[in-house]
Amino acid sequence: MGPDQVTRLDELETVVTRRLPAMLNEVRDQLADEHPDYAEFLTEELADLVTASAGFVRRLIDMAAEPDERLPELGSGVEQAVFEEIGRSQYQQGRRVTSLLSAYRVGARVAWRHVSEAALDLDVPAELFASLATTVFALVDQLSESSLRGYLQEQSDAVRARERLRDELTALLLSDRADKAAVRAAAMRADWRLPKHAAVVLVEDDNELGRELVFRLEDSCLRLRRPGVVVAIVPDPGGPGRRAWLARALRGGGAVVGATVPLDRLPASLRIAEVTARLRRDHLLSDDPVFADEHLDAIIVHRDDRLLDVLRRQALAPLAELNESARERLSTTLTSWLLHLGDRKAVAEDLHIHPQTVSYRLGRLHDLFGPSLDDPSVRATLVLALAWGPPGEVDESG
């Protein structure tokens, strides 16, 4: 490029820089009807935008002087910082980034008109004129990308901050140290409306589908990863249609839903859900999802398996000396007889055996258990020992 062209470009930079306030005011006027907030922003931030735009003009002239060079990325200079901050402010104020980018396009058209007028007045050669056109819109694209980057960074930062606050709230709700004032303050920070009742949902952490279903639950649900499990807190699960919604949302994911409790009792719902999850792993419960409040009897019986084992060894001791096959037949018959309140016909239909076979087995049971089998309290104990576990299991080691 010859000295004359360099001089023309230096003059062009001076003229365009001088026009920047008028250029930005014109953009403001064009945005006033459809984007009044942006027009107001241009008015309030005019000085900073003029400074940032001067860097834009410098880039424009540099690139026009070397049209074969690759367009450089915006550096860490003031123009990048300003335009990224514009993007951040758009997110903070709840505005759509698409509207901002539309406003930039308006600015590009206005900028090119001013640059082209100044270039024509200075008799800038045709090849430089064409280079200027390409560079104007390319640089506007870069400024748009800078604002978009700022918008997305602010969005990401806000999401991370919100999730951190919601994690803290969830951990507090599931702890035994959650006083009402602390919960209210944490919920306010996390922007979470406190429900009257809630339930805990558990999914094992290695269950990929279950995790995905939990994280797809509506935004009112809190979620937290704990060792080995993903926990969700579902507000007002007993509301109209909520149970059916929850069953549909979690179906197929192997989830368990704890009891619905007041918010300050969520640790109890968590403990119930943990017992329920263990029963599901042991194949004692098979619903999908499992609602704990439909299986409270099994949960109560199995809450402490050590006590249940002691009960089973004691209550089923008369069967301990039998071989495995005989023990299973008799315990299955005894279970059915107890659950059908002594109706031998119902037992035969339940077990698909002949009524005489039922009578024979019951005779054997009376021989083994003696008169205690007619004692209502013994029968109640036998129901506890038999009705919630695999039939015929008796630990002979104890």
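Sequence order as written defines residue numbering, which begins from 1 separately in each chain. Residues qualify for local features only when their pLDDT is at least 70, as the model is predicted, and side-chain atom pairs are given and counted only at 80 or more; totals for whole chains, interfaces and linings, by contrast, use all residues. In computing side-chain properties, one takes all heavy atoms of the structure into account and sets aside hydrogens as well as water.

Caption draft 1: Molecular detail of the overall build of the protein. Along its length, the protein carries 16 helices and six strands. In this treatment the radius of gyration is a C-alpha quantity, and the globule benchmark scales as 2.2 Å times the residue count to the 0.38 power. Relative to its length of 398 residues, the protein is extended, with a C-alpha radius of gyration of 37 Å against a globular reference of 21 Å. With respect to the three principal axes, the spread of C-alpha positions in the protein is 120 × 45 × 35 Å. For the protein, buried positions account for 43% of its 398 residues. A fraction of 71% describes how many contacts in the protein between residues 6 or more apart in sequence connect residues 24 or more apart. Helix and strand labels come from DSSP, where a helix needs a run of H or I of at least four residues and a strand needs a run of E of at least two; each type is numbered from the N terminus. Relative accessible area decides the class of each residue, using a 1.4 Å probe on protein chains only: under 20% of the type maximum gives buried, over 50% gives exposed, and in between gives partly exposed. By definition, residues are in contact when any of their heavy atoms lie within 4.5 Å.

Caption draft 2: Fine view of the nonpolar core. Counting 42 residues, the largest nonpolar core has Leu 12, Val 16, Leu 31, Ile 86, Val 115 and Leu 132 as its most contacted members. Going through the elements one at a time, α1 (3-31), α2 (36-44), α3 (46-65), α4 (78-92), α5 (97-121) and α6 (126-173) are the ones with two or more residues in this core. Here this core takes 13 residues from α5, the largest share from any one element. Dropping the residues within four chain positions of it, Val 16 is found in contact with Met 23, Val 57, Val 115 and Ala 118. Residues belong to one nonpolar core when they are buried, are Ala, Val, Leu, Ile, Met, Phe, Trp, Tyr or Cys, and are joined through side-chain atoms within 4.5 Å. Residues Ala 198, Val 261, Leu 266 and Leu 285 belong to the second largest nonpolar core, which totals 32 residues.

Caption draft 3: Spatial organisation of the packing of α6 against helix α7 (residues 180-189). One can describe the packing of α6 onto α7 by two numbers: an axis separation of 9 Å at closest approach and a directional angle of 160 degrees. Considering the angle they form, α6 stands roughly antiparallel to α7. The two elements α6 and α7 meet at a crossing, and its hand is left-handed. Each of Leu 165, Leu 169, Leu 172 and Leu 173 in α6 lies in contact with α7, whose residues at this interface are Ala 182, Val 183, Ala 186, Ala 187 and Arg 189. Three classes are used: nonpolar for Ala, Val, Leu, Ile, Met, Phe, Trp, Tyr, Cys and Pro, charged for Asp, Glu, Lys and Arg, and polar for all others, with Gly counted as polar. Residues belonging to the contact of α6 with α7 are distributed by class as follows: eight nonpolar, no polar and one charged. The axes are straight lines fitted to the C-alpha atoms, using for helices just the contacting stretch, and the angles between their N-to-C directions are given from 0 to 180°. In these notes the angle categories are as follows: under 35 degrees is roughly parallel, over 145 is roughly antiparallel, 65 to 115 is roughly perpendicular, and the rest is oblique. When the near helix sits turned anticlockwise from the far one by under a right angle, the crossing is termed left-handed; a clockwise turn instead gives a right-handed crossing.

Caption draft 4: Local environment of the pattern of salt bridges. Whenever a carboxyl oxygen of Asp or Glu lies within 4 Å of a side-chain nitrogen of Lys or Arg, that contact is scored as a salt bridge. Scanning the model with the defined rule gives 20 salt bridges in all. One salt bridge connects Arg 149 with Glu 84, and the closest N-O pair in it is separated by 3.0 Å. Here the residue Arg 149 occupies a position in helix α6, and Glu 84 occupies one in helix α4, the gap between them amounting to 65 residues. In this structure, Asp 205 and Arg 225 form a salt bridge, with 3.2 Å as the shortest nitrogen-oxygen distance. Taken together, the residues span a long stretch of sequence, with Asp 205 in the loop between β1 (197-204) and α8 (208-216) and Arg 225 in strand β2 (residues 222-226) at a distance of 20 residues. Taking relative accessible area as the criterion, Arg 225 reaches 51% and is therefore assigned exposed. Ionic contacts of the salt-bridge type, sharing partners, join the residues Arg 19, Glu 26, Arg 113 and Glu 117 into one network.

Caption draft 5: Examining the packing of aromatic side chains more closely. Centres within 6.5 Å are what make two rings of Phe, Tyr or Trp a pair, Trp counting through its six-membered ring; a difference in plane orientation under 30 degrees is then read as stacked, over 60 as edge-to-face, and the rest as tilted. Applying the stated criterion across every chain yields a total of two aromatic pairs. Taken together, a centroid distance of 5.5 Å and an interplanar angle of 85 degrees make the contact between Tyr 91 and Tyr 151 edge-to-face. Of this pair, Tyr 91 sits in helix α4 while Tyr 151 is found in helix α6, placing the two residues 60 residues apart along the sequence. Where Trp 112 meets Phe 129, the ring centres are 5.3 Å apart and the plane angle is 65 degrees; that geometry is what we call edge-to-face. Note that Trp 112 is positioned in helix α5 and Phe 129 in helix α6, a separation of 17 residues in sequence. Residue Phe 129 is classed as partly exposed on the basis of its relative accessible area, which comes to 24%. When the ring centre of Phe 291 is taken as origin, the NZ or CZ atom of Arg 243, which lies over that ring, is 4.2 Å away. Note on criteria: charge over ring means Lys NZ or Arg CZ within 6 Å of the ring centre, with the direction from the centre no more than 35 degrees off the ring normal.

Caption draft 6: Structural context of α7. The set of residues buried in α7 consists of Val 183, Ala 186 and Ala 187. Viewed along the axis of α7, the buried residues span an arc of 100 degrees, placing them on a single side of the element. Exposed positions of α7 whose direction lies more than 90 degrees from the buried face are Met 188 and Arg 189. At its buried positions, α7 is contacted by α6. We call two N or O atoms a polar contact when they sit within 3.5 Å, provided that within protein one can donate a hydrogen and the other can accept it, with sequence-adjacent residues counted only if both atoms are side-chain atoms. Structurally, the start of α7 carries an N-cap: the backbone nitrogen of Ala 181 is 3.1 Å from a side-chain oxygen of Asp 179. Backbone geometry just downstream of α7 places Asp 191 in the positive-phi region, at approximately 55 degrees. By arc we mean the arc of the directions from the helix axis to the C-beta atoms, nothing more.

Caption draft 7: Expanded view of the UniProt feature "domain: PucR C-terminal helix-turn-helix" (unreviewed entry) in the protein. UniProt positions are given in the numbering used here, feature names are shortened, and annotations may be inferred rather than shown by experiment. Under the UniProt annotation, the feature "domain: PucR C-terminal helix-turn-helix" (unreviewed entry) is placed at residues 331-387. What you have in residues 331-387 is 75% helix and 0% strand, and the ends, taken at the C-alpha atoms, are 10 Å apart.

Caption draft 8: Focus on unusual backbone geometry. Omega for the peptide link from Asp 288 to Pro 289 comes to 0 degrees, which places this bond in the cis form. Positive phi is not limited to glycine here, since Asp 236 has a value of about 50 degrees. Inspection of the secondary structure puts Asp 236 in the loop between β3 (229-235) and α9 (242-250). Phi at His 352 is positive, roughly 60 degrees, even though this residue is not glycine. As for its placement among the helices and strands, His 352 is situated in the loop between α14 (344-351) and α15 (355-369).

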